[in-house]
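# Understanding the architecture of this molecule
So you can see what is in the structure, the chains are spelled out below.
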Amino acid sequence: MKHRRDMVEGTNVSNIVVSKHLCSNNTSGHTGVGLDRRTGKWYAYINFQKKHYNLGLHKDKSAAIRARRAAEARLHDPVILEYWDSLTEKRKKEFQDYLRSTNK
């Protein structure tokens, strides 16, 4: 397997960044948050390292968004920080440019 420079603990950091962008069919306005039409409650979930985590049903959308953000902080942020700390200054600039280009 070819060595990838954006891998940390078997996780592709670029995929984490891309996963934060809304899919075209997202109706909640936030990645990993949706409305369960059967119950009328908002659900939150996150996928990380080939595992799917259900973050529960919530009465309002803001609670589901908070649950998703907390899971991102717990699962994604340590990997992103480890990746960032391992970069040279040149690669940090490239990564920042990449982040800017994906936020359009």
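You'll find the structure just up there.
Below or above, wherever it landed, is the structure these notes cover.

Parameters and conventions
Residues take numbers from 1 onward in each chain, read along the sequence in its written order. The model is predicted, so local features are restricted to residues of pLDDT at least 70 and side-chain atom pairs to those at 80 or more, both for listing and for counting; the totals for chains, interfaces and linings are taken over all residues. Computation of side-chain values covers all heavy atoms of the structure but excludes hydrogens and water. Centres within 6.5 Å are what make two rings of Phe, Tyr or Trp a pair, Trp counting through its six-membered ring; a difference in plane orientation under 30 degrees is then read as stacked, over 60 as edge-to-face, and the rest as tilted. The rule is simple: take the accessible area with a 1.4 Å probe, protein chains only, and divide by the maximum for that residue type; under 20% is buried, over 50% is exposed, in between is partly exposed. We define the nonpolar core as a collection of buried residues of types Ala, Val, Leu, Ile, Met, Phe, Trp, Tyr and Cys that are connected through side-chain atoms lying within 4.5 Å of one another. Runs of H or I in DSSP of at least four residues are treated as helices and runs of E of at least two as strands, each being numbered from the N terminus. In this description, contact between two residues means that some pair of their heavy atoms is separated by no more than 4.5 Å. Here, any two strands with at least 2 DSSP bridges between them count as paired. Salt bridge, as applied in this entry: a Lys or Arg side-chain nitrogen positioned within 4 Å of an Asp or Glu carboxyl oxygen. Lines fitted to the C-alpha atoms define the axes, with helices restricted to the stretch that makes contact. Angles between their N-to-C directions range from 0 to 180 degrees. To estimate the expected span of a helix, count its residues, drop one, and scale the result by 1.5 Å.

## So, the packing of aromatic side chains
For any pair of aromatic rings, geometry is given as the distance between the ring centres together with the angle between the planes. A complete count under the given rule lists 1 aromatic pair for this structure. For the ring pair Tyr43 and Tyr45, a centre distance of 6.3 Å and an interplane angle of 25 degrees mean the geometry is stacked. Note on Tyr43: relative accessible area 33%, which makes it partly exposed.

## Some thoughts on the nonpolar core
A general tendency of soluble globular proteins is for nonpolar side chains to be buried together. If you look at the biggest cluster of nonpolar residues, it comprises 18 residues, and the most contacted ones within it are Val13 and Leu55. Secondary-structure elements contributing two or more residues to this core are helix H1 (13-19), strand S4 (41-48) and helix H2 (61-86). In contact with Leu55, other than residues within four places in its own chain, are Ala44, Tyr45, Ile46, Ala67, Arg68 and Ala71.

## Description of the pairing of strand S5 (residues 51-58)
As defined by bridge partners, S4 adjoins S5 across 6 bridges and the pair is classed as antiparallel. When the sheet's bridge partners are listed, Asn47 is paired in S5 with His52.

## What to know about the pattern of salt bridges
All chains considered together, the criterion is met by 5 salt bridges. Salt-bridge contacts for Glu72 lead to Arg68; the nearest nitrogen and oxygen are separated by 2.8 Å. In this pair, Glu72 and Arg68 both sit in helix H2, 4 residues apart, roughly one turn of the helix. Note on accessibility: Glu72 and Arg68 belong to one class, buried. Notably, a salt bridge pairs Lys93 with Asp97, separated by 3.3 Å at the nearest N-O pair. One end of the pair is Lys93 and the other is Asp97, both in helix H3 (residues 89-102) and 4 residues apart, which spans about a single turn. A relative accessible area of 32% means that Asp97 is categorised as partly exposed.

## Quick word on the sheet that holds strand S3 (residues 33-36)
Reading across the sheet, the 3 strands line up as S3-S4-S5 and stay open at both edges, with antiparallel pairing between neighbours. Each edge of the open sheet is held by one strand with a lone partner, namely S3 and S5. For this sheet, the mean inter-axis angle between neighbouring strands, taken without regard to orientation, is 30 degrees. On the sheet, H2 packs against S3, S4 and S5 and is oriented at approximately 10 degrees with respect to S4.

## Looking at H2
For H2, spanning 26 residues, the distance from its first C-alpha to its last is 36 Å, which sits close to the expected 38 Å at 1.5 Å a residue. What H2 keeps buried is the set Ala63, Ala64, Ile65, Ala67, Arg68, Ala71, Glu72, Leu75, His76, Val79, Ile80 and Tyr83.

## As for the environment of Val33
Checked against the element boundaries, Val33 lands in strand S3. Given a relative accessible area of 6%, Val33 falls into the buried group. Along the primary structure Val33 and Ala64 are separated by 31 residues, whereas in three dimensions their C-alpha atoms are 6.4 Å apart. Setting aside residues up to four positions removed in sequence, Val33 forms contacts with Asn26, Ser28, Trp42, Tyr43, Tyr45, Lys61, Ala64, Ile65 and Arg68.

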